[in-house]
Amino acid sequence: MEPPDVGSDGPLKVSPTLQIPLATELKRAWTSRGYPITNDIFDGTVNGMTHLVRSIYQGIRSISTDFIQGRPNITIKTSTMASKVLLEGQSVIGVETHGIEGRQIYFVEKEVILSCGVFETPKLLMLSGIGPKDTLFSHGLNCSVDSPNVGKHLQDHPILPHVFRVKDGYSLDPVIRPGPQHDQAALEYKKHQTGPMASGLLEMSAFTRIDDMLRRCKEWRDEAEHHGCDPLGPRGQPHFELDFIVCFHTYFDCSDHCSLLSRLLSNPTFPLPSLAAT
């Protein structure tokens, strides 16, 4: 997919993914089972196998600070935790924080936007007295706003790694692991920020639904009847996301891969983008 398909004029710079060694065989296997190939998974229908757009531009990863570069109206407080949302009646008027400057209170003119993650956001709300009344009282917290859905309806996102050994030439392992191909690729990246080391490693994904199979499952039918919709994809989301990473052909060992990733990131050959935010 080319960036113009999804827009390329915003602050977050993107570029097409590199062609992975196994791409042709993956497409052949995917289409042989009747599944589609798509050029756009961002049109509201996430279905099919696609080459991804990566947030890497000219060999350097684009990051979230790209959105705030040069904005004088934004101040970033590092080493600071939000501890409470301040209320006046049932209206939010500010935020209390704790950090290297001690306790601070910030009042707002318009609104507070919470973006603390799937666990910390409801935690902050409940510590502020916003949440299910019975839950708050059971922990000795006051209830300013009885909002029964705060902290509820979380869903797991199970991940199951499948590791397959492939023939020589279908993996990026020789580039990632020490050896002549690694040294050559590292030199190319250092000089031109191109080549396989400019890759994000995850370059191809596939998405699909398995409605016909699920209809044969009694548990799924019972849940679908109870909820009035597909319990695994109530808004038409795909049931499966398959991410193809053609490296690490040994059996999955998280500690080994994290150690390797740490060595790659600490290598001066891989410059990180500078952070210049106020």
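Residues numbered from 1 in each chain as written. Predicted model: local features only at pLDDT ≥ 70, side-chain atom pairs only at ≥ 80, totals over all residues. Heavy atoms only, no water.

## Here we look at unusual backbone geometry
Alright, step 1. Residue Gln 58 is not a glycine yet carries a positive backbone phi of 50°.
Alright, step 2. In this model, Leu 201 sits at a positive phi of 70°, which is unusual for a non-glycine residue.
Alright, step 3. Within the secondary structure, Leu 201 is located in the loop between α5 (180-192) and β11 (204-208).
Alright, step 4. By relative accessible area, which is 24% here, Leu 201 ends up partly exposed. (Helix = DSSP H or I, 4+ residues; strand = E, 2+ residues; numbered from the N terminus. Buried < 20%, exposed > 50% of the residue type's maximum accessible area, 1.4 Å probe, protein only.)

## Considerations on the pairing of strand β6 (residues 80-88)
Alright, step 1. Across 8 bridges, β6 lies against strand β7 (residues 91-99) in antiparallel orientation. Within β7, the position partnered with Thr 80 by the bridge is Gly 99. (Pairing = 2+ DSSP bridges.)

## Observations regarding the sheet that holds strand β12 (residues 240-244)
Alright, step 1. Spatial strand order, β2-β11-β12: 3 strands in an open sheet with antiparallel pairing. Unpaired on one side and paired on the other, β2 (48-51) and β12 mark the two borders of the sheet. Each neighbouring strand pair of the sheet contributes to a mean axis angle of 15°, computed without reference to strand direction. (Axes fitted to C-alpha atoms, helices over the stretch in contact; angles between N-to-C directions.)

## Observations regarding the environment of Leu 141
Alright, step 1. Tracing the chain through its elements places Leu 141 in the loop between α3 (133-138) and β10 (145-146).
Alright, step 2. Spatially, the C-alpha atoms of Leu 141 and Leu 127 are 7.1 Å apart, while their sequence positions differ by 14 residues.
Alright, step 3. Beyond its immediate chain neighbours, meaning those up to four positions away, Leu 141 contacts Met 126, Leu 127 and Leu 136. (Contact = heavy atoms within 4.5 Å.)

## Some thoughts on the environment of Gln 237
Alright, step 1. The topology assignment puts Gln 237 in the loop between α7 (218-227) and β12.
Alright, step 2. Relative accessible area serves as the criterion here: at 32%, Gln 237 is assigned to the partly exposed category.
Alright, step 3. Gln 237 sits 191 residues away from Val 46 along the chain, and the two C-alpha atoms are 6.9 Å apart.
Alright, step 4. Of note is the side chain of Gln 237, whose polar atom sits 2.7 Å from the backbone nitrogen of Arg 235. (Polar contact = N/O pair within 3.5 Å; in protein donor to acceptor, adjacent residues only side chain to side chain.)

## Describing the side chain of Thr 208
Alright, step 1. Tracing the chain through its elements places Thr 208 in strand β11.
Alright, step 2. Overall, the relative accessible area of 8% leaves Thr 208 in the buried class.
Alright, step 3. Other than its neighbours up to four places away in sequence, Thr 208 contacts Trp 30, Tyr 35, Asn 47, Pro 238, His 239 and Phe 240.

## What to know about the confidence of the model for the protein chain
Alright, step 1. Counting all residues, the mean pLDDT for the protein chain is 83, and 86% of those residues have values of 70 or more.
Alright, step 2. Confidence drops under a pLDDT of 50 for residues 268-278, and excluding neighbours within four residues, the segment shows 20 contacts in the predicted structure. (pLDDT = per-residue confidence, 0-100.)

## With respect to α5
Alright, step 1. Helix length check: α5 (13 residues) gives 18 Å between terminal C-alpha atoms against 18 Å at 1.5 Å per residue, within 8%.
Alright, step 2. Within α5, burial applies to His 182, Ala 185, Ala 186 and Tyr 189. For α5, the angular spread of buried residues about the axis comes to 100°, placing them on one side. Seen from the open side of α5, the exposed residues pointing more than 90 degrees away from its buried face are Pro 180, Gln 184, Lys 191 and His 192.
Alright, step 3. In this fold, the buried residues of α5 make contact with β5 (60-61) and α4 (173-176).
Alright, step 4. A positive backbone phi angle near 55° is found at Gln 193, which sits one or two residues after α5. (Expected span 1.5 Å × (residues − 1). Arc of directions from axis to C-beta.)

## A look at the pattern of salt bridges
Alright, step 1. The final tally for this structure, using the stated rule, is 9 salt bridges.
Alright, step 2. A salt bridge links Asp 230 to Arg 209; the nearest nitrogen and oxygen atoms lie 2.7 Å apart. Of this pair, Asp 230 sits in the loop between α7 and β12 while Arg 209 sits in the loop between β11 and α6 (211-214), and the two are 21 residues apart along the sequence.
Alright, step 3. Residue Asp 230 is classed as buried on the basis of its relative accessible area of 10%. (Salt bridge = Lys/Arg side-chain N within 4 Å of Asp/Glu carboxyl O.)

## Some remarks on the nonpolar core
Alright, step 1. Core analysis: the biggest nonpolar cluster contains 13 residues, and Ile 20, Leu 26, Met 49, Met 204 and Phe 244 have the highest contact counts within it.
Alright, step 2. Elements that contribute at least two residues to this core include exactly α1 (23-32) and β11.
Alright, step 3. For this core, the leading source of residues is α1, giving 3 residues.
Alright, step 4. What Leu 26 contacts, discounting residues up to four positions off in sequence, is Ile 20, Met 49, Met 204 and Phe 244. (Core = buried A, V, L, I, M, F, W, Y, C linked by side-chain atoms within 4.5 Å.)

## Side note on the pairing of strand β8 (residues 102-107)
One face of the sheet, then the other: side chains in a regular strand alternate in exactly this way.
Alright, step 1. Sheet analysis places β7 next to β8, joined by 6 bridges and oriented antiparallel. Following the sheet pairing, Gly 99 is matched in β8 by Gly 102.
Alright, step 2. The turn linking β7 back onto β8 is made up of 2 residues.

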